[in-house]
Amino acid sequence: MSVLLYLIPIALMLGVLGLGAFLWAMKNGQYDDLDGAAHRILLDDDED
Amino acid sequence: MEAKTVSISETDCCSAELTCKHCGGNCESGDYCCSGCEAASKAIDVMSMTTSFSSLAQHLENGEFQLELAVEGIHCAACIRLIENALSANDEVTYVRVNMTTERLSFQWRGDAIQGDVLAAQVTKLGYKLHAPNDGRADERVENHEKLLLKAIAVSGFAAGNLMLLSIGLWSTSSETMGFATRELLHWVSALIALPTIVYAGRPFFQSAIAVLKQGKTNMDVPISIAVILASLMSISEAMRQGEHVYFDSAVMLLFFLLIGRYLDARAKGKARDSASRLLSKLAGTAAVYIDGVLKRIPIKELTGGMTVLVAAGESIPADGHITKGETDIDLSLISGETLPQHAAIGTQTLAGTLNITAPIEVHVEKASNESLLSKIVRMMEVAEQGAARYVRLADKAASLYTPVVHLFGALTFIGWLALGVEWQVALLNAVTVLIITCPCALGLAVPVVQVLASGELLKNGILLRSGDALERLACVDTIVFDKTGTLTVGKPLLVSGEYTSEHKQLAASLASNSQHPLSKAIYASWEGTVEKLDVQELPGKGLQANVDGKLVRLGSKAWCGDKEHESTSDNILELWLSIDDKPQACFEFSDAIRSDAKKVLASLHQLGIETHLLSGDRTEIANQVALTLNIQHVSAETSPIDKCAYIEKLKEHGHNVLMVGDGLNDAPALAAAHVSMSPSSALDITQNTADIVFQGEQLEPVFGTLLTARQSNKLVKQNFGLAVVYNIFAIPLAVMGFVTPMIAAVAMSGSSLVVIANAFRLRLQKARP
């Protein structure tokens with residue numbers, strides 16, 4: 001059962017990684033304008 | 001907002017002290033202190049804009065200014081691009097972003113604060129209406145609450161997943177096989193994950209429970225908080241006692257499910273009704289007033305009786321009073337719902353909020369702005385809205401029944417087991433499992449899931465729910481009151497018949513293309529060919545005239561177009577005549593068409609046993625005619641906004657649950673007073689804001705469709721409550737007898753939630769069936 005000593009921390013670490021990514025995305029405003037994002041994909045006038 | 005004195009007269013620059021015409025600050029020479037002010041002032045004059053946004057601009061740390069404004073009329077990607085490109089084409093603009101969800105425009109620029117007005121004017125010029133975001137704080141609070149819930153869902157979801165991973169290990173093997181040390185390790189790891197999660201993700205429930213308990217009341221959050229806190233305390237004590245069962249996973253899973261329900265609920269609630277304050281913004285602008293013979297702009301709020309205001313064509317009349325100079329047409333639709341502009345001359349009474357269409361006029365103010373009819377309507381709406389807020393939602397009723405029952409069972413279990421002589425820890429364990437297993441997972445999801453599905457379904461059909469409990473209230477409606485103009489009818493005149501040739505029509509359309517009058521617009525809209533460019537004169541109350549190949553061509557009222565024979569009879573306002581050199585040539589007849597499916601919808605409503613009423617500000621004959629065509633049972637015509645509101649109140653007193661459908665400002669108080677309200681998307685913003693439900697399109701069918709959906713979803717909600725009760729009938733005895741292990745709790749909780757969600761999805765199945 002000593003394998004648990006590695007696996008549990010690894011599992012938790014991966015979970016925390018995902019959670020962190022989500023919270024970062026939210027703080028970064030990725031979810032602020034879902035309707036706008038859906039429409040912006042239709043714009044193709046990148047200047048560069 | 002701060003008063004801006006934008007002078008229109010040229011004489012002003014001769015004053016001894018030089019002040020900027022735009023911002024009022026000192027300036028060295030000329031009319032403006034800087035080129036920014038000059039440009040802004042000119043832009044404002046050109047647009048006859050009455051508000052200035054630059055005072056709202058925020059000064060950022062890097063020296064730039066930021067402005068956040070509400071935009072109306074963003075529909076698609078093209079709108080986003082248009083606004084963003086237009087603003088970013090300015091060199092000084094450093095950031096611009098349109099948020100489609102919240103309908104906000106945010107931009108930053110270098111230079112002066114005043115430059116913001118120029119930029120805002122550019123957007124207005126594109127055809128998007130801008131206004132100051134009203135009460136941003138309330139919006140922000142709602143937004144922050146939603147964000148907190150979303151974060152809590154993320155954290156509790158993460159924890160619930162990991163706890164389940166560990167718990168499955170605990171459940172699948174007996175402690176002997178696993179070893180006691182391993183079991184204890186898993187228990188403590190679970191505690192390590194669960195406790196911070198509960199502290200973090202439980203906040204929405206704990207906070208609301210504490211707030212409610214302080215008032216000496218109770219709500220659903222109280223039993224939830226008690227169950228979660230007791231479950232975790234008990235699990236800690238079990239872990240320390242090296243007991244067999246810990247309930248960390250149950251507690252966290254409970255939070256996870258309930259948070260989902262809470263989040264859906266918060267989303268469905270949407271924006272709060274803010275109609276009255278929006279309406280007041282009509283009175284928030286400025287008016288051009290003669291003070292000592294000089295024209296000055298002062299805030300409308302500061303108008304008092306005896307002043308004389310100049311109202312330009314296209315501007316709203318700022319006060320109740322009468323016309324002292326000029327002749328024009330006034331669009332009264334805001335107040336009376338009348339489709340056609342009324343001719344107004346010296347002595348005609350004016351009402352605040354109505355629109356001056358054709359020519360500039362001077363108005364003698366009789367009442368201060370807070371005594372105008374518009375202000376009275378605002379106050380009436382506020383009163384009516386407070387009355388409507390007293391509705392108690394089904395879920396809250398269920399919660400108030402649920403709490404005492406469950407706590408009673410919990411207490412009885414504890415006492416019962418103690419009486420049987422077991423250890424107090426075991427008795428408490430059993431009592432807490434009662435609280436956990438009965439915890440309102442299913443109840444918490446019963447309403448929001450149905451609501452989200454129903455509103456999604458309605459949205460697909462162009463029906464927008466503006467308040468969370470609109471469907472619930474709509475389901476018990478037994479009386480529907482319709483407004484006429486714009487609700488049962490399309491709301492604008494259409495060319496229906498007449499005696500004319502296609503050359504006549506082209507000539508009429510050419511004249512009409514120069515006018516904003518609804519009848520002109522109707523002719524122009526129905527003409528598909530090209531129009532000639534003419535030099536057209538518009539004469540208020542009469543019509544249009546122009547010189548074509550040396551002949552005088554007129555389009556207007558019968559008498560004016562030279563039909564001398566019938567001059568004595570009153571003009572039928574729903575026809576236009578075309579004359580050449582005073583000889584009548586052609587006649588165009590218009591009518592405000594009834595929505596094409598109105599008759600069918602009314603018939604279906606009568607079949608459901610619903611009583612129908614027609615309330616109109618229009619003349620009695622017209623209202624009666626419409627009612628007769630559509631088979632409407634009760635008619636009341638020539639009603640003022642105040643009458644309409646009183647009419648609804650009277651119906652309510654007789655015990656009716658009234659749905660009001662209307663589109664004008666004159667309907668707004670009635671909409672607010674009614675049990676639930678709907679308005680077409682062609683309605684004024686203010687009216688749409690007041691209504692609980694807004695529907696799109698030329699059809700009246702949504703009224704019937706929404707009612708059916710509301711009744712259906714109400715049925716499903718009640719079924720869901722029924723299912724939750726049935727589930728508890730099985731679960732409570734098991735828990736009371738002490739048979740509930742953490743595994744059974746987990747299965748029962750997720751099982752009941754899934755059943756409720758699955759039942760809610762039947763809404764879609766029923767819709768799909770013909």
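Everything numeric here is computed off the predicted structure, so don't read it as measured data.

Trainee: Sorry, what's going on with the sheet that holds strand β20 (residues 551-556) of chain B here?
Mentor: Residue and element names in this part refer to chain B. Spatial strand order, β17-β22-β21-β20-β19-β18: six strands in an open sheet with antiparallel pairing. Across the chains shown, the open sheet's two edge strands, defined by having one partner strand only, are β17 (494-499) and β18 (536-539). Ignoring which end each strand starts from, the neighbouring axes of this sheet average 20 degrees apart. Pairing of β20 with strand β21 (residues 575-580), which is carried by four bridges, proceeds in the antiparallel orientation. The residue bridging valine 553 from the neighbouring strand is isoleucine 580, located in β21. Sheet contacts for helix α18 (residues 502-512): β17, β18, β19 (543-548), β20, β21 and β22 (583-591); angle to β20, the most-contacted strand, approximately 80 degrees.

Trainee: What's the story with the packing of aromatic side chains in this structure? I'm lost.
Mentor: Residue and element names in this part refer to chain B. As enumerated under the stated definition, the model contains four aromatic pairs over all chains in all. Judged by centre distance (5.9 Å) and plane angle (25 degrees), the ring pair of phenylalanine 65 and tryptophan 109 falls under stacked. Here the residue phenylalanine 65 occupies a position in strand β2 (residues 65-72), and tryptophan 109 occupies one in strand β4 (residues 104-109), the gap between them amounting to 44 residues. Neither residue differs from the other here; phenylalanine 65 and tryptophan 109 are each classed as buried. Within the aromatic cluster, the residues linked to one another by ring pairs are Phe65, Phe107 and Trp109.

Trainee: Can you help me understand the packing of helix α15 (residues 441-460) of chain B against helix α25 (residues 701-736) of chain B in this one?
Mentor: In helix packing, the relevant descriptors are the interaxial angle and the interaxial distance, both defined with respect to the helix axes. All names here are of chain B. Their axes nearest at 9 Å, the elements α15 and α25 cross at an angle of 160 degrees. What the angle tells us is that α15 and α25 run roughly antiparallel. Crossing of α15 over α25 shows right-handed handedness. On α25, the residues that touch Ala442, Leu443, Ala446, Val447, Val450, Ala454 and Leu458 of α15 are Thr706, Thr709, Ser713, Leu716, Val717, Asn720, Phe721 and Ala724. Class assignment of the residues belonging to the contact of α15 with α25 gives a composition of 11 nonpolar, four polar and no charged.

Trainee: Mind showing me how you'd approach the side chain of asparagine 90 of chain B here?
Mentor: All names here are of chain B. Considering the arrangement of structural elements, one finds asparagine 90 in the loop between α2 (77-88) and β3 (93-99). Judged by relative accessible area, asparagine 90 falls into the buried class, the value being 16%. The residues contacting asparagine 90, other than those within four sequence positions of it, are Leu119 and Gln122.

Trainee: How do you make sense of the packing of helix α20 (residues 598-607) of chain B against α25 of chain B when you look at a structure like this?
Mentor: All names here are of chain B. It is the contact of α20 with α25, at a shortest axis distance of 8 Å, that shows an interaxial angle of 30 degrees. With respect to α25, the axis of α20 lies roughly parallel. Residues Val601, Ser604 and Leu605 of α20 touch α25, and the partners they reach there are Glu701, Phe704 and Leu707. Its residues assigned to classes, the contact of α20 with α25 shows four nonpolar, one polar and one charged.

Trainee: Can you help me understand the sheet that holds strand β7 (residues 294-299) of chain B in this one?
Mentor: Note on sheets: strands pair through backbone hydrogen bonds, and any given pair is parallel or antiparallel. The six strands are arranged β7-β6-β8-β14-β9-β12 (chain B) in an open sheet whose pairing can be described as antiparallel. Both edges of this open sheet fall to β7 and β12 (349-350) of chain B, since each of them pairs with a single strand only.

Trainee: For this particular structure, what's the right way to read unusual backbone geometry?
Mentor: Note: most peptide bonds trans; most residues except glycine with negative phi. Residues and elements named next belong to chain B. Its identity is not glycine, yet glutamine 242 carries a phi of approximately 60 degrees, on the positive side. The phi dihedral of aspartate 549 falls on the positive side, at around 50 degrees, and the residue is not glycine. Within the secondary structure, aspartate 549 is located in the loop between β19 and β20. For aspartate 549, a relative accessible area of 75% corresponds to the exposed category.

Trainee: Please clarify how the interface of chain A and chain B should be interpreted in this entry.
Mentor: Where the parts come together, the accessible area they lose is often given as the size of the interface. The interface of chain A with chain B comprises 22 residues on the first partner and 27 residues on the second. Note on chain A versus chain B: buried area summed over both sides is about 2,100 Å², and carbon and sulfur give 72% of it. Here chain A is connected to chain B by one salt bridge. With a shortest N-O distance of 2.8 Å, arginine 40 of chain A and glutamate 84 of chain B are connected by a salt bridge. Here chain A and chain B share two residue pairs in polar contact (both at pLDDT 80 or more) between them. Taken together, the elements giving at least two residues each to the side of chain A that touches chain B come down to α1 (4-27) and α2 (34-40) of chain A. Grouping the amino acids of the side of chain A that touches chain B by side-chain chemistry returns 14 nonpolar, three polar and five charged.

Calculation criteria
Residues numbered from 1 in each chain as written. Chains lettered and ligands numbered in written order. Predicted model: local features only at pLDDT ≥ 70, side-chain atom pairs only at ≥ 80, totals over all residues. Heavy atoms only, no water. Pairing = 2+ DSSP bridges. Helix = DSSP H or I, 4+ residues; strand = E, 2+ residues; numbered from the N terminus. Axes fitted to C-alpha atoms, helices over the stretch in contact; angles between N-to-C directions. Contact = heavy atoms within 4.5 Å. Phe/Tyr/Trp six-rings, centres within 6.5 Å; stacked < 30°, edge-to-face > 60°. Buried < 20%, exposed > 50% of the residue type's maximum accessible area, 1.4 Å probe, protein only. Parallel < 35°, antiparallel > 145°, perpendicular 65-115°, else oblique. Left-handed = near helix turned anticlockwise from the far one by under 90°. Nonpolar A, V, L, I, M, F, W, Y, C, P; charged D, E, K, R; others polar. Buried area = accessible area lost by both parts, 1.4 Å probe. Salt bridge = Lys/Arg side-chain N within 4 Å of Asp/Glu carboxyl O. Polar contact = N/O pair within 3.5 Å; in protein donor to acceptor, adjacent residues only side chain to side chain.

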